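Listed here are the chains, written in short residue letters.
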Amino acid sequence: MDNVYKQLKLYGKVKPNVLLSKFSNFNIGGPADFLIEVTETEKAIALLNYLSGEGIEYLILGGGSNVLFPDDGIRGVVIRIKNEELRMKNNVIEVDAGVQLSELVRASIEHKLAGLEWAAGIPGAVGGAIRGNAGAHYVFTGGEIKDSITSVRMWRDGEALELTALECEFGYRDSIFKHKTDVVLSGKFALAPGDAKKSLEMTQKIIAERKGKQSSQPSAGSFFKNVPLTKWKQDQSRLPARFLSYKKIAAGWLVEQAGLKGFRVGGAMISEEHGNFIINAGGATQADVLAVVDEVKQRVYTTYEIELEEEVQIIH
Ligand SMILES: Cc1cc2nc3c(=O)[nH]c(=O)nc-3n(C[C@H](O)[C@H](O)[C@H](O)COP(=O)(O)OP(=O)(O)OC[C@H]3O[C@@H](n4cnc5c(N)ncnc54)[C@H](O)[C@@H]3O)c2cc1C
C-alpha cells in the first residue's frame, strides 16, 4: 500500500481513505483506498499505464453527477480526471475531459458559437458527458453531445487514440466508451457561428425551466432511461402527445402513473417534483436507493410490461 501511495504521487494530488460521498451529487458512498486528482493529460495516460500494468483496480470519476457509489466504498484507486484546458480554433473547440460542461457552454457563447445551449444546467464534466452522450430536450430547443462532436481522444489498453464521431458509436445515452474500459481524455466540437445574446437568453430560459422541474435535494439526475415508444403495448391515445413526436416515453411519467411519487425506503425517495429523480432525502445509503429502484422496476413492469433501464452508473 505504501509503495502504491508513493507511486501515485508521481501523477497528481493523492489522498488515502477518502469518503466518496463527498465526490458524488447523491452524497452517498463509503471510502476509497485512494483518490487521485490528475490535472495533466499526459500524466493521466502515464497513470493509467502504471495501474493497468500493475493490475491495480481503478475507477474513473468526472464530476460525480451520474454515479451511485457503494456503501462500503471502493478498494483501489479512484482517478478524478481534472485536465481543464479548452482550445479554440475558428468554430472548433477542443476541450479536455475534466472541463465542466457548463464551462464549455459558457466559453462557446463567449466566442459567439451556437449549438451547445441545450447543455446549460447539466452538471458534471465533459468526459462523463461524452461517455453518456448527454442530452436534453425542451419545447423550444434540444440536443445531444453527438450532434456537434467530431472526434474524441481517449486512452485504451495502453494507448492514446483519436476516434471519429462515427467510431464513438453514439446512441441514446450511450457510446462505445460505456462498453469498454476506455478513458475519455478530450473531445472536439464543431459549432456554428451564433448570436451570443440569443444563445445567452436561451440558456437562461433553459436554466429557469430546469429549476422549476428538478428537486434541489441530492440526486444523480434522471435515474432511468426514457423508453422507446415501440415498447408501449397499450393504446397510444393514453400517452401525452409529446411522447409520440419524441418517440420515447418519459420514464418519470411511467413512475408517476404507477403511483410511486414520494415512495421512500430509508433516506431514498422518489422526488415529489420529478418521477425520474431518486433523491437522498437525508442519510440515504446505496442499499436504500437500490430498494427503491427494485420497487419501481417491479411496479412499472407489473403495470405496463416495460423493463426500465438505469441511466445512473451504479458502482458495486
Ligand atoms: C440534477 C441533475 C440533472 C441532470 N440532468 C441531465 C440532463 O439533462 N441530461 C443528461 O444527459 N444528464 C443529466 N444529468 C446526469 C449527469 O449530469 C450527466 O450524465 C453528466 O454528463 C455526467 O458527467 P460527470 O462528469 O458528472 O460523470 P460522473 O458521474 O463522474 O461519471 C459517470 C460515469 O462516467 C464515467 N466517466 C466519467 N468521466 C469519464 C472519462 N473521462 N472517461 C471515461 N469514463 C468516464 C464514470 O466512471 C461513471 O461510470 C443530471 C444529473 C443531475 C445530478
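This structure is a prediction, so every number in the text was calculated from the model and none was measured. (Residues numbered from 1 in each chain as written. Predicted model: local features only at pLDDT ≥ 70, side-chain atom pairs only at ≥ 80, totals over all residues.)

1. Considerations on the site of the ligand
Keep this limit in mind: The C-beta atom of each residue is placed using the backbone, and any residue whose C-beta lies within 6 Å of a molecule or strand is treated as near it. In DSSP terms, a helix is any run of H or I states spanning at least four residues, a strand is any run of E spanning at least two, and both are numbered starting from the N terminus. Three classes are used, and their members are as follows: Ala, Val, Leu, Ile, Met, Phe, Trp, Tyr, Cys and Pro are nonpolar, Asp, Glu, Lys and Arg are charged, and the others, Gly among them, are polar.
The ligand sits among 32 residues. The nearest are G62, G124, G127, G128 and G221. Secondary structure elements with two or more residues in the shell around the ligand: β3 (58–61), α4 (126–131), β9 (135–137), β13 (183–190) and β15 (219–222). With 4 residues, α4 is the largest single contributor of residues to the shell around the ligand. For the shell around the ligand, a count of residues per class yields 16 nonpolar, 15 polar and 1 charged.

2. A word on the domain arrangement of the protein chain
Heads up, the rule is: Each domain's limits were defined by an automated method or a database of domain assignments. By the criterion used throughout, residues are in contact when their C-beta atoms, derived from the backbone, lie within 7 Å.
Looking at the protein chain, the domain boundaries give domain 1 (2–81), domain 2 (86–199) and domain 3 (215–314). Distance from the C-alpha centre of domain 1 to the C-alpha centre of domain 2: 23 Å. The interface of domain 1 with domain 2 comprises 13 residues on the first partner and 16 residues on the second. Counting residues per element, the side of domain 1 that touches domain 2 draws most heavily on helix α2 (residues 41–54), which supplies 6 residues. For the side of domain 1 that touches domain 2, a count of residues per class yields 5 nonpolar, 8 polar and no charged.

3. Examining the sheet that holds strand β19 (residues 268–270)
As a reminder of what qualifies: Paired strands, in this sense, are two strands between which DSSP finds at least two bridges. For every element, the axis is a line fit to its C-alpha atoms; helices are fit only across the contacting stretch, and the angle between N-to-C directions ranges from 0 to 180 degrees.
Here we have 4 strands laid out as an open sheet, ordered β15-β20-β19-β18, and antiparallel in their pairing. A single partner strand is all that each edge strand has here, and the edge strands are β15 and β18 (264–265). Alignment of β18 against β19, held across 2 bridges, turns out to be antiparallel. Bridge pairing links V265 to A268 in β19. Running at roughly 30 degrees to β19, helix α8 (residues 286–304) makes contact with β18, β19 and β20 (277–280) of the sheet.

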